[in-house]
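Notes for the structure review
What follows is each chain in one-letter form.
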Amino acid sequence: MQRVDTVIIGAGHAGLATSRLLTDAGRDHVVLDRGRLAESWRSARWDSLRLLTPNWMSRLPGWSHQGPDAEGFMTVPELVGYLESYAQSFDPPVRQRTSVLAVRPVDGGYQVTTTTDDAWSARNVVVAAGPRPRVPALATRLHPDVWQIHTNRYRNPAALPDGGVLVVGASASGVQIASELRQAGRDVVLAVGAHTRLPRRYRGMDIMWWLEQIGALDRTIDDAGDARRARREPSAQLVGGLGRPDLNLGRLRELGVVVTGRLDDLDGHRARFRDDLPLTTTAADARLRRTLRTIDQYIATSGLEGEVLPPADVPAVLMSGAPESLDLRAAGISTVVWATGSHYRYPWLRVPVADVYGEIKQYRGVTPAPGLYVIGLRFMHRRNSQFIDGARHDAQTIVEHLAGADRSGPTSARVLLARDG
Ligand SMILES: Cc1cc2nc3c(=O)[nH]c(=O)nc-3n(C[C@H](O)[C@H](O)[C@H](O)COP(=O)(O)OP(=O)(O)OC[C@H]3O[C@@H](n4cnc5c(N)ncnc54)[C@H](O)[C@@H]3O)c2cc1C
């Protein structure tokens, strides 16, 4: 058994950000990863993916994008290189290919057992293990001769069996994959639930820049009202790349994708969809207009009118007339791609900190179990907590708390944790 002050589980950007701040604070720690550094980006992303956040929006503690292409969008290998360079800059104590099998509370600390011979005894554990794919329960009712795959295993059109594809989910991943498959000549049906639409650029600037300016990304969960609902808000239909047309449901229909409502039921080869496209597209359009109005107001009140382009029309994408039922076999659909997002489940965490939904109870990364922290969750505290750019704020809070500067936690942390039960 080896002793260490803090074990960080996961060497993605969130684990590395935490490691950097612990290194700066002179705190003894180790980072364990079941794979290589940035493993999720190496093995759970598709080939053509580019970040949908611009390069400048990849700020980590003590590290940021340098070079001329601040407005560009990294490919996956570029991001892996970016995180590798980050690690080289402070040489974190990473143990690669070390899977954590269990974290158990022992004598005021934790025992961390792994797939290697090492077991660790630590006063603190920071869970930075990333999201896991979420697939709806009805997937089990799909006929076994239809291939199914979550987006985290999807690579490119050629790697799928011949035939048509049903893509379920129309957030960033779903619309990008549906578009790529259609452009590779596949018949594609896209099942659309609640979604968020944004233009890539507005009034001459990238939408992410505007979201930062109006404070949308800094909003905290304290202001969100219904925290659970806020955390389930779908990611925006955006694609990283300069000069490309916006990728939205209208564009996909133009490309020949059959756009339908939310997948409601599966029974062998029979898929049923809700008649909710008019509702969900109208709601997405209304949210988009509210965001653009807020940007316009910000421009007016901050004296930017002369600096940016005048307001431009962003056409509505309102839809109806979608099939409510589909015989997958008759339609030649050989594959279902689940673009249904992810959640945070850690079966190896044997510490009773899960809420009624199975997710770790936390406030600003501090859990009710002393010395146990979590980072990288969606809207964990700020709207951008799960983005690369957001991790620095949460890592800072965690490391300050862990280092004893605020060991008892912010007053509101205790109040919120108590409120959540
Ligand atoms: C398709 C897609 C596109 C995205 N695009 C963007 C974008 O454009 N901009 C942006 O800012 N964010 C983007 N994100 C979001 C975000 O950056 C990722 O979700 C990010 O990978 C999460 O970072 P993380 O460090 O929390 O976890 P991860 O990167 O998933 O890292 C977790 C690490 O933990 C390890 N691990 C897990 N379990 C164990 C275990 N039991 N033992 C040991 N190690 C373990 C894994 O191997 C992994 O290396 C995107 C996410 C996805 C899925």
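The numbering scheme is per chain: residues are counted from 1 as the chain's sequence reads. Only residues with pLDDT of at least 70 get local features here, since the model is predicted, and only at 80 or more are side-chain atom pairs given and counted; chain-wide, interface and lining totals rely on the full set of residues.

As for the sheet that holds strand β9 (residues 164–168)
Stated precisely, the cut-off is as follows: Here, any two strands with at least 2 DSSP bridges between them count as paired. Helix and strand assignments come from DSSP, with helices taken as H or I runs of at least 4 residues and strands as E runs of at least 2, each series counted from the N terminus. For every element, the axis is a line fit to its C-alpha atoms; helices are fit only across the contacting stretch, and the angle between N-to-C directions ranges from 0 to 180 degrees. Any residue pair is listed as a contact if its two C-beta atoms, each placed from the backbone, are within 7 Å.
Taken together, five strands build an open sheet; the order of strands is β8-β19-β9-β10-β15 and the sheet is parallel. Whereas interior strands pair on both sides, the edge strands pair on one side only; in this sheet they are β8 (147–150) and β15 (258–260). On average, each strand axis in the sheet is tilted by 20° relative to the strand beside it, whichever way the strands run. Each of β9, β10 (188–191) and β19 (333–338) touches helix α4 (residues 172–183); the most contacted strand, β10, lies at about 170° to it.

Quick word on the site of the ligand
Short version of the rule: By convention here, the C-beta atom is placed from the backbone, and a residue is near a molecule or strand when that atom is within 6 Å of it.
Residues in contact with the ligand amount to 31 residues; listed here are only the nearest, Gly10, Gly12, Leu51, Gly130 and Gly376. Among the secondary structure elements, those contributing two or more residues to the shell around the ligand are α1 (13–24) and α2 (39–43).

Re helix α3 (residues 76–90)
Test applied: Working rule for helices: expected span equals 1.5 Å times residues minus one.
If you check α3, its first and last C-alpha atoms are 22 Å apart, about what 15 residues at 1.5 Å a residue would give, namely 21 Å. Looking at the packing, one finds that the buried side of α3 touches α1 and α2. Of the residues flanking the end of α3, it is Asp91, one or two places downstream, whose phi is positive at about 50°.

A word on the sheet that holds strand β17 (residues 270–273)
Spatial ordering of the open sheet is given by β16-β17-β18, a layout of three strands whose pairing is antiparallel. Taken across any chain shown, the strands that pair with only one partner, and hence form the sheet edges, are β16 (263–267) and β18 (325–327). Recorded for the sheet is a direction-independent mean angle of 15° between the axes of neighbouring strands. Relative to β18, β17 runs antiparallel, the two sharing three bridges. Across the sheet, Ala271 pairs through a bridge with Leu326, a residue of β18.

Side note on the environment of Ser43
Here Ser43 shows up in helix α2. Put simply, Ser43 and Arg104 are 61 residues apart on the chain and 28 Å apart in space, counted from C-alpha to C-alpha.

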